[in-house]
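Inside the fold
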Amino acid sequence: MADAVIAKTLRNTDTVAAFLFGNASDGTGESAVTKVDISALTMAATQVRITKLLWGCDGMQVKILFDHNSDDLVAILAGNGHIGQEKDEPIYDPASAGGPGDILFTTAGQSAGDGYTVYMEIEKVA
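Below is a summary of the structure that appears in this document. Just so it is clear, the structure is predicted and the values come from calculations on it, not from any experiment.

**Remarks on the overall build of the chain**
The number of helices and strands found in the chain is zero helices and 10 strands. Start at the N end of the chain and walk to the C end: the helices and strands fall as β-β-β-β-β-β-β-β-β-β. Taking 14 Å as the expected radius of gyration for a compact globule of 126 residues, we find that the chain reaches 14 Å, a close match to that expectation. Principal-axis analysis of the C-alpha atoms places the extent of the chain at approximately 40 × 30 × 20 Å. Long-range pairs, those at least 24 residues apart, make up 74% of the contacts in the chain between residues at least 6 apart in sequence. With the model as given, the accessible surface of the chain reaches about 6300 Å², and the carbon-plus-sulfur share is 49%. Counting 8 positive and 17 negative side-chain charges, the chain places the averaged centre of each group 6 Å from the other.

**Describing the side chain of Glu30**
Within the secondary structure, Glu30 is located in the loop between β2 (16-26) and β3 (33-36). There is a polar contact of 2.7 Å between the side chain of Glu30 and the side chain of Lys35. Apart from the residues within four sequence positions on either side, Glu30 is in contact with Asp3, Val5, Asn23, Lys35, Phe105, Thr106, Thr107 and Tyr116.

**Some thoughts on the packing of aromatic side chains**
Taken as a whole and assessed by the stated rule, the structure comprises three aromatic pairs. Ring plane angle 15° and centroid distance 5.8 Å describe the contact between Phe19 and Phe21, whose orientation is recorded as stacked. A relative accessible area of 3% means that Phe19 is categorised as buried. Through a chain of ring-to-ring contacts, three or more aromatic side chains come together here, namely Phe19, Phe21, Phe105 and Tyr116.

**Things to note about the environment of Val5**
Residue position: Val5 is located in strand β1 (residues 4-12). By relative accessible area, Val5 is classed as partly exposed at 45%. The spatial distance from the C-alpha of Val5 to the C-alpha of Met120 is 16 Å, given a sequence separation of 115 residues.

Rules used in this analysis
Residues numbered from 1 in each chain as written. Predicted model: local features only at pLDDT ≥ 70, side-chain atom pairs only at ≥ 80, totals over all residues. Heavy atoms only, no water. Helix = DSSP H or I, 4+ residues; strand = E, 2+ residues; numbered from the N terminus. Rg over C-alpha atoms; globule rule 2.2 N^0.38 Å. Contact = heavy atoms within 4.5 Å. Areas by Shrake-Rupley, 256 points an atom, 1.4 Å probe, with all protein chains shown as cover. Lys, Arg positive; Asp, Glu negative; His and termini not counted. Charge placed at Lys NZ, Arg CZ, Asp CG, Glu CD. Polar contact = N/O pair within 3.5 Å; in protein donor to acceptor, adjacent residues only side chain to side chain. Phe/Tyr/Trp six-rings, centres within 6.5 Å; stacked < 30°, edge-to-face > 60°. Buried < 20%, exposed > 50% of the residue type's maximum accessible area, 1.4 Å probe, protein only.

Just geometry here; none of it tells us what the structure is for.
In structure tokens:
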């Protein structure tokens, strides 16, 4: 078996994209799974920044990474939370060496019956 996952594009314009991700785990988990292929977006970006994250994690954590030779950690999500209010700075892809800068998810601590829901907005930087 495998985790039941969803990845839905809610908005995809020349400058902004929004997504909804979900996972109902059977205990398998996810490891460096590409959730956003930035080259496939309408914005045709080579670098993005994350401007909003809203999440609910039940029994597991979600690590969000930018895909490079050594993946760059964006955030570790647990419980419920949000980033992206007016006072919050966007999270920029540092554009480290190698790799396309796609957005990856890795789960940790998952057991059967655990899950997550993540809403994400990104903007084109370059």
